[in-house]
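Observations on the model geometry
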Amino acid sequence: MKIRKIGTLIAAVAGVCAFSAPALAKDFRMGLITPPPHIWTQQANGFAEDLKEASGGKHTVSVFPAGQLGSEAQMLQQMQTGALDMAFLTIAEASNRVENLGALYAPYLVRNVAEAAEILKTPAATNLLKELPAKAGVVGIGYGMAGMRQILTAKPVETADDLSGMKLRITPLDPIRDFYIDLGAAPTPLPLPAVYDALANGQVDGIDMDLELIWALKFWEKADTILVSNHMMFPMVGVVSARVWKDMSEEDRKMITDLMSKRLDMVMAEYKAKESGWEEKVRGTGKTIKDVGPEFFEEEIVEWEETWSKRTPEALSGLREAAKNIKK
Ligand code: 3HB
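Residues numbered from 1 in each chain as written. Predicted model: local features only at pLDDT ≥ 70, side-chain atom pairs only at ≥ 80, totals over all residues. Heavy atoms only, no water.

**What to know about the sheet that holds strand β6 (residues 167–170)**
Ordered by their spatial adjacency, 6 strands build an open sheet running β7-β6-β8-β5-β9-β11, and the pairing between neighbours is mixed. The sheet is open, and its two edges are formed by β7 (186–189) and β11 (288–291), each paired on a single side. Going across the sheet, the axis of each strand differs from the next one's by a mean of 25°, ignoring polarity. As paired elements, strand β9 (residues 225–228) and β11 share 4 bridges and run parallel to each other. The residue bridging L227 from the neighbouring strand is K290, located in β11. Along the sheet, helix α8 (residues 174–182) makes contact with β5 (149–153), β6, β7 and β8 (206–210), crossing β6 at roughly 165°. (Pairing = 2+ DSSP bridges. Helix = DSSP H or I, 4+ residues; strand = E, 2+ residues; numbered from the N terminus. Axes fitted to C-alpha atoms, helices over the stretch in contact; angles between N-to-C directions. Contact = heavy atoms within 4.5 Å.)

**Notes on the pairing of β6**
Strand residues, when the strand is regular, have side chains that alternate between the two faces of the sheet. When β6 meets β7, the two strands line up parallel, connected through 4 bridges. When the bridges of β7 are listed, K167 appears paired with A186. Regarding topology, α8 serves as the crossover connection from β6 to the parallel β7, and that connection is right-handed. As paired elements, β6 and β8 share 2 bridges and run parallel to each other. Its bridge partner lying in β8, R169 is registered against I207. (Right-handed = clockwise from strand over helix to strand, strands pointing away.)

**Examining the side chain of R149**
Tracing the backbone through its elements, the reader meets R149 in strand β5. Judged by relative accessible area, which is 2%, R149 ranks as buried. Among the polar contacts listed, one links the side chain of R149 to the side chain of D208, at a separation of 2.6 Å. With residues up to four places along the chain from it excluded, the contact list for R149 reads R169, T171, D208, M209, D210, S229, N230, H231, M232, M233 and F234. (Buried < 20%, exposed > 50% of the residue type's maximum accessible area, 1.4 Å probe, protein only. Polar contact = N/O pair within 3.5 Å; in protein donor to acceptor, adjacent residues only side chain to side chain.)

**Observations regarding the site of the ligand**
Close to the ligand lie 13 residues; H38, R149, R169, T171 and D210 are nearest. T171 has a polar side-chain atom sitting 2.7 Å from an oxygen atom of the ligand. Interatomic distance of 2.7 Å between a side-chain N/O atom of D210 and an oxygen atom of the ligand. Within the complex, 99% of the 280 Å² of free accessible area of the ligand lies under protein. (Near = heavy atom within 4 Å. Areas by Shrake-Rupley, 256 points an atom, 1.4 Å probe, with all protein chains shown as cover.)

**Focus on the confidence of the model for the chain**
Parts of the prediction with low pLDDT should not have their coordinates interpreted in detail. On average, residues of the chain carry a pLDDT of 93, and 93% of them reach 70 or more. pLDDT under 50 marks residues 1–18. Its contacts with residues more than four places away, or in other chains, come to 0 contacts. Reported for the predicted complex are a pTM of 0.92 and an ipTM of 0.99. (pLDDT = per-residue confidence, 0-100.)

**With respect to the sheet that holds strand β1 (residues 26–31)**
Taken in spatial order, the 5 strands of this open sheet run β2-β1-β3-β10-β4, and their pairing is mixed. Of all the strands in the sheet, the pair left with one neighbour each is β2 (59–64) and β4 (138–146). On average, adjacent strands in this sheet sit at an angle of 20° to one another, irrespective of strand direction. The pairing of strand β3 (residues 86–90) with strand β10 (residues 234–241) spans 5 bridges and is antiparallel. Looking at the pairing, F88 lines up with G238 of β10. Across the sheet, helix α3 (residues 72–81) lies against β1, β3, β4 and β10, angled at about 145° from β3, the strand it touches most. The strands touched by helix α12 (residues 250–283) are β1, β2, β3, β4 and β10; relative to β4, the strand with the most contacts, the crossing angle is about 15°.

**Quick word on the layout of surface pockets**
A volume near 230 Å³ is recorded for the largest pocket. Together, 21 residues line the largest pocket, and I33, T90, T171, P191 and L192 are the ones closest to its centre. Listing elements by their share of the lining of the largest pocket, those giving two or more residues are α3, α4 (91–97) and β8. Tallied by class, residues from the lining of the largest pocket come to 11 nonpolar, 5 polar and 5 charged. (1 Å grid on protein atoms, 1.4 Å probe; cavity = no way out; pocket = protein on both sides within 12 Å on 5 of 7 lines; lining within 4 Å. Points joined across faces, edges and corners; volume = space filled by probe spheres on them. Nonpolar A, V, L, I, M, F, W, Y, C, P; charged D, E, K, R; others polar.)

**Some details on the pattern of salt bridges**
Within this structure, the stated rule accounts for 23 salt bridges. With a closest N to O distance of 3.3 Å, K26 and D85 form a salt bridge. Here D85 lies in the loop between α3 and β3 and K26 lies in strand β1, a separation of 59 residues in the sequence. Put simply, K135 and E131 hold a salt bridge, and the shortest N to O gap is 2.6 Å. Each of E99, D174, R177, D178 and R311 takes part in a single network of salt bridges with overlapping partners. (Salt bridge = Lys/Arg side-chain N within 4 Å of Asp/Glu carboxyl O.)

Below, the structure written as structure tokens:
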């Protein structure tokens, strides 16, 4: 009887130790590829302030924007070893490891940033994050996003055929690449920090981009035509190194989850509030603006669907179902 009691006690203590490490003070490092004025970076800085305050100064976060710690691939590697603690990432690198995340890029899954924010809260989207720890070595706290995707070209474009043969910059991601291959274009994967020079020196004929950056990074200056297409949403994911997470106390995990989730929601709110303002500014530039919808890309969407309904059947049908409910 006595022995059994001691055994129970040891098991209980071991359990507590395994699941809640002591709350140690820490200076976390957080990386992003976005430049300092970008909404993601601003909210990362906000998260740093919140965590410092909520932990009574015990925890601080040093934010490294603009790819200072390397590419997203390098940041993901650093998080796998625990050398980097957190990041706000595009889905590009993560989807190389969790293929199902690619389904989030289904063309015209949603019509605007408000619907994007809504679908990213549904289980069809949030369940995909559960694959991250085992496959990418990071814990997905939740989604943020950037605006809807548009196409900016240095040459005139009248029909989808005009895009054929053009070298078009894309975020390095299979589902976006497939969309442009279906269009007969030559998709050129380039991470955000490399886009301006590539467009300015004519290495690419156009770019796949959002309205915030078409405006703020002055990509519009290099445009002949801007296709306001809203053809895809652009999710972001707030992540913490799974290694770092493992050694965190329950209390710290909860604090980080709550505060980062709040900032990810603020990212969503910012895009919902500001997307139309950027659109107005871009329309006011005097460049040729062409409003296009799914009919412009009809065949390409069918081809994309054929490929991705084989690659990620359940994820895609789950998201299409969720979108149907949102659009009702
Ligand atoms: C991108 O176009 O690859 C990109 C855009 C953003 C943020 C991050 C990446 O607004």
